[in-house]
Amino acid sequence: MNIIDTFFYCTYRFLMKLGRSEDNAKWSALMHASLYVCLLVDSMIKLVGLIHNDSIIKLYALLGFWGLLPIDLIAMIILYIRYYKYSILERFNDRYKRLKSKNLVKILVCMLMICFPLLWFYITRTYISVYV
């Protein structure tokens, strides 16, 4: 959860620096984090599907976007409860200020933002080309 917390907080800080209001920045960071959680879960399902060809995973893959929608909604509800409903941003801010290597964290988050969708695309296309 610390990775998701850091991802959410870095997105939130970036949006605040762009001039968004606190509420809008929180909501956008929430949606952004839930998208990446959704892609992570989808990648894990399809990796399991590559190892064990199961009919449920094949049905899930055939759903395409409609299979991602419930996962994203569940992720958004869980992250909403954690980040949006309870204001724990001060705790994230304190933890972030105590870090000694803030630039390393920023670089890792940026690499995650770039590389993870590419990895998700690769896993999805591999699964579709093999089993669907």
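Residues numbered from 1 in each chain as written. Predicted model: local features only at pLDDT ≥ 70, side-chain atom pairs only at ≥ 80, totals over all residues. Heavy atoms only, no water.

(A) Structural context of the side chain of D5. Relative to the elements of secondary structure, D5 occurs in helix α1 (residues 2-17). Look at D5 and you get buried, because its relative accessible area is 2%. A distance of 2.4 Å separates a polar atom in the side chain of D5 from a polar atom in the side chain of Y83. (Helix = DSSP H or I, 4+ residues; strand = E, 2+ residues; numbered from the N terminus. Buried < 20%, exposed > 50% of the residue type's maximum accessible area, 1.4 Å probe, protein only. Polar contact = N/O pair within 3.5 Å; in protein donor to acceptor, adjacent residues only side chain to side chain.)

(B) Structural context of the environment of M16. Looking at where M16 falls in the secondary structure, it is placed in helix α1. Under the relative-accessibility criterion, M16 is labelled partly exposed at 33%. Between the C-alpha atoms of M16 and K26, which are 10 residues apart in sequence, the distance is 8.9 Å.

(C) Inspection of the pattern of salt bridges at higher detail. This model, assessed by the stated rule, comprises 2 salt bridges. Of the charged contacts in the structure, one is a salt bridge between R82 and D5, with a shortest N-O distance of 2.8 Å. In this pair, R82 is assigned in helix α4 (residues 65-85) and D5 in helix α1, connecting sequence segments 77 residues apart. With a shortest N-O distance of 3.3 Å, K46 and D42 are connected by a salt bridge. Placement of the pair is K46 and D42 together in helix α2 (residues 22-51), with a separation of 4 residues, close to one helical turn. (Salt bridge = Lys/Arg side-chain N within 4 Å of Asp/Glu carboxyl O.)

(D) Expanded view of a nonpolar patch on the surface. Residues W27, M31, I77, Y80, I81 and Y86 make up a contiguous nonpolar surface patch of about 590 Å² in total accessible area. Contributions of two or more residues to the nonpolar patch are made by α2 and α4. Looking at which element gives the most residues to the nonpolar patch, the answer is α4, with 3 residues. Mapped onto the secondary structure, Y86 falls in the loop between α4 and α5 (89-98). (Patch = residues over 30% accessible without salt bridge, like charges linked within 9 Å, V, L, I, M, F, W, Y side chains within 5 Å. Areas by Shrake-Rupley, 256 points an atom, 1.4 Å probe, with all protein chains shown as cover.)

(E) Layout of the environment of L99. Its place among the elements puts L99 in the loop between α5 and α6 (102-131). Separated by 21 residues in sequence, L99 and W120 have C-alpha atoms that sit 29 Å apart.

(F) Local environment of the environment of N24. Tracing the backbone through its elements, the reader meets N24 in helix α2. Sequence separation between N24 and Y12 is 12 residues; the distance between their C-alpha atoms is 9.2 Å.

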